Amino acid sequence: MTVTEPARTAAAPTPPLAARATAVGGSPVRDILAVTARPEVINFAGGLPAPGLFDGEGIAAAFRAVLEETPERALQYATTEGEPALRTAIAARTTVRGLPTGADDVLVTTGSQQALSLLAIALIEPGDTVLVENPCYLAALQAFAFAGARVVPVPCDESGIDPAALDGLVALHRPKLLYTVPTFQNPTGRTLPADRRAAIALVAERRGLWIVEDDPYGELRFEGERAPWIATYPGAADRTVLLSSFSKVMAPGLRLGWLRAPAALLRACAVAKQAADLHTPTVNQLAAARYLADRDLDAHVARVAGVYRDRRDAMLAGLADALPAGSRWIRPEGGMFVWAKLPDGYDTTELLRTVITHDVAYVPGAPFFAGEPDRTTLRMCFVTQTEEEIAEGLRRLGRGLGRGLGPGLGEM
């Protein structure tokens with residue numbers, strides 16, 4: 001029997017992408033990094049730890065040890081929650097810093113960015129309201145947008161969130177959560193004072209609110225006294241999720257972060273992680289645990305922070321000559337970033353086109369705002385380059401900005 005093939009017709013189009021895949025834009029920081037990949041560019045745009053300060057030898061030794069001594073375990077699947085040795089070490093470091101924590105309170109994630117994504121899945125329904133600092137960490141805005149959240153900015157000043165404004169917004173919008181980076185915030189570098197942390201905890205307790213407290217930079221302190229985590233304040237323990245990471249203190253390429261959360265939420269995040277990647281790479285977790293057992297991470301962080309302090313000082317010393325007259329900036333007590341505000345009439349997004357031709361780059365401030373952006377703002381990372389490179393980069397920046405006569409106003 002002869003089988004006649006059906007006549008071919010024009011192919012039907014494939015189904016469209018999900019609306020959220022087209023509605024959420026990419027990261028302007030990543031876009032700028034691609035444009036400024038030329039080696040001659042002094043790039044203040046990235047949030048990259050200084051590669052010359054990585055403890056490559058110590059990390060390599062940790063990997064060698066786990067691969068030589070326990071290869072069957074290091075190369076095998078692991079539990080979703082994370083390797084017990086690493087969870088125990090993280091819990092111990094958290095406890096020493098003032099927040100009693102057990103290994104079962106910790107979920108290891110593939111970078112703390114994944115922790116944000118898991119929390120968005122576990123907590124947010126499309127249309128739910130999320131409160132964020134203004135301006136806010138850019139990738140958090142992306143994670144909440146993908147979850148379909150309605151993102152509302154909380155008024156902030158040079159010290160961070162205004163608790164009274166927060167209280168009013170919670171009463172008005174009944175949000176699911178507040179997202180905050182209270183210590184050396186990205187992008188502004190500001191730190192929330194202890195009294196405001198206590199007030200925010202009280203608002204969350206009284207109004208019914210989750211707090212997502214992201215702390216990737218807290219160990220990089222150059223001066224001043226450490227403020228306790230919001231999670232340590234009365235009323236916050238059962239409604240605060242603490243996020244952190246080894247990216248800024250060990251190495252970002254390990255992609256090791258974690259979240260500390262109440263049991264029910266941690267379990268929900270673990271189920272979401274099973275669907276995302278099953279677990280964070282076993283060998284990386286075991287190597288990090290071995291590094292923590294064999295090396296003094298705190299001493300390493302202290303050395304790194306000392307270098308970063310000098311680089312911060314170099315950037316602050318050159319800003320008055322680099323930025324237009326009347327500019328202001330925040331002096332961070334630690335972390336990685338300086339946030340500056342140029343006088344009215346400047347648009348840092350438009351200016352970047354010219355600045356890049358001078359082989360230097362920054363990140364315009366506009367993408368960090370959930371609401372109406374302040375187009376006069378910009379963020380610069382001071383940790384990646386040496387002091388000499390920072391000085392040269394600021395000279396190039398001054399030329400690119402058409403530096404006006406007269407000094408900047410200085411700190412905000």
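K.L.:
Would you explain the pattern of salt bridges in this entry?
P.N.:
Oppositely charged side chains may form a pair once their charged atoms are brought near each other. Under the definition given, this model contains 27 salt bridges. With a shortest N-O distance of 2.9 Å, Asp-167 and Arg-207 are connected by a salt bridge. Of this pair, Asp-167 sits in helix H8 (residues 163-173) while Arg-207 sits in helix H9 (residues 194-207), and the two are 40 residues apart along the sequence. Look at Asp-167 and you get buried, because its relative accessible area is 17%. You can call Arg-207 partly exposed: its relative accessible area is 27%.

K.L.:
Sorry if this is basic, but what is going on with the packing of H8 against H9 here?
P.N.:
Think of two packed helices as two axes; the pair is described by the angle between the axes and how far apart they sit. Direction vectors running N to C along H8 and H9 enclose 15°, while the axes themselves pass 9 Å from each other. The angle between the axes of H8 and H9 places the two elements in the roughly parallel class. Of the two possible hands of crossing, H8 and H9 adopt the one that is right-handed. For the pair H8 and H9, contact is made by Pro-163, Leu-166, Asp-167, Val-170 and Ala-171 and by Arg-196, Ala-199, Ile-200, Val-203, Arg-206 and Arg-207, respectively. Of the residues assigned to the contact of H8 with H9, the class counts are seven nonpolar, no polar and four charged.

K.L.:
Looking at this model, I keep getting lost on the environment of Arg-38. Mind explaining?
P.N.:
Tracing the sequence through the fold places Arg-38 in the loop between helix H2 (28-35) and strand E1 (42-43). Here Arg-38 falls in the partly exposed class, since its relative accessible area comes to 33%. Along the backbone, Arg-38 and Asp-359 are 321 residues apart, and their C-alpha atoms lie at a distance of 8.6 Å.

K.L.:
Can you walk me through the pairing of strand E12 (residues 337-341) in this structure?
P.N.:
Regular strands have side chains that alternate between both faces of the sheet. In terms of residue burial, E12 counts as a mostly covered element, since four of its five residues are buried. Looking at chain direction, strand E11 (residues 328-329) and E12 are connected through two bridges and run antiparallel. Counterpart to Arg-328 in the pairing with E12 is Lys-341. Two elements, E12 and strand E15 (residues 377-381), share five bridges in a ladder whose sense is antiparallel. Note that in E15 the partner of Val-338 across the bridge is Met-380.

K.L.:
How should helix H7 (residues 138-146) be read in this particular structure?
P.N.:
Side chains that are three or four residues apart share a direction in an α-helix, a result of its 3.6 residues per turn. Along H7, the residues classified as buried are Leu-138, Ala-139, Ala-140, Leu-141, Ala-143 and Phe-144. At the C-terminal side of H7, Gly-148 shows a positive phi close to 85°.

K.L.:
Can you help me understand the pairing of E15 in this one?
P.N.:
Along E15, five of the five residues are buried, which leaves the element largely enclosed by surrounding structure. A two-sided burial pattern is seen for E15, the buried positions comprising Thr-377, Arg-379 and Cys-381 on one face and Leu-378 and Met-380 on the other. Here strand E14 (residues 363-364) runs beside E15; their pairing, made up of two bridges, is antiparallel. Across the sheet, Val-363 pairs through a bridge with Arg-379, a residue of E15.

K.L.:
Is there a simple way to think about the sheet that holds strand E2 (residues 106-109) in this case?
P.N.:
Strand pairing in a sheet is mediated by backbone hydrogen bonds. Such pairs are either parallel or antiparallel. Taken together, seven strands build an open sheet; the order of strands is E2-E10-E9-E8-E7-E3-E4 and the sheet is mixed. Among the strands making up the open sheet, the edge pair consists of E2 and strand E4 (150-154). Here the strands of the sheet are splayed against their neighbours by 20° on average, with no regard to which way each runs. By the bridge criterion, four bridges tie strand E8 (residues 210-214) to strand E9 (residues 240-245) in an arrangement that is parallel. Bridge pairing in E9 links Glu-213 to Leu-242.

K.L.:
It is not clear to me how the environment of Pro-182 should be interpreted in this structure. Could you clarify?
P.N.:
Positionally, Pro-182 belongs in the loop between strand E7 (177-180) and H9. A residue is classified by how much of its surface remains accessible, and Pro-182, at 3% relative accessible area, is buried. Linking Pro-182 and Arg-197, residues 15 residues apart in sequence, is a C-alpha distance of 8.2 Å.

Procedures and definitions
- Residues numbered from 1 in each chain as written.
- Predicted model: local features only at pLDDT ≥ 70, side-chain atom pairs only at ≥ 80, totals over all residues.
- Heavy atoms only, no water.
- Salt bridge = Lys/Arg side-chain N within 4 Å of Asp/Glu carboxyl O.
- Helix = DSSP H or I, 4+ residues; strand = E, 2+ residues; numbered from the N terminus.
- Buried < 20%, exposed > 50% of the residue type's maximum accessible area, 1.4 Å probe, protein only.
- Axes fitted to C-alpha atoms, helices over the stretch in contact; angles between N-to-C directions.
- Parallel < 35°, antiparallel > 145°, perpendicular 65-115°, else oblique.
- Left-handed = near helix turned anticlockwise from the far one by under 90°.
- Contact = heavy atoms within 4.5 Å.
- Nonpolar A, V, L, I, M, F, W, Y, C, P; charged D, E, K, R; others polar.
- Pairing = 2+ DSSP bridges.

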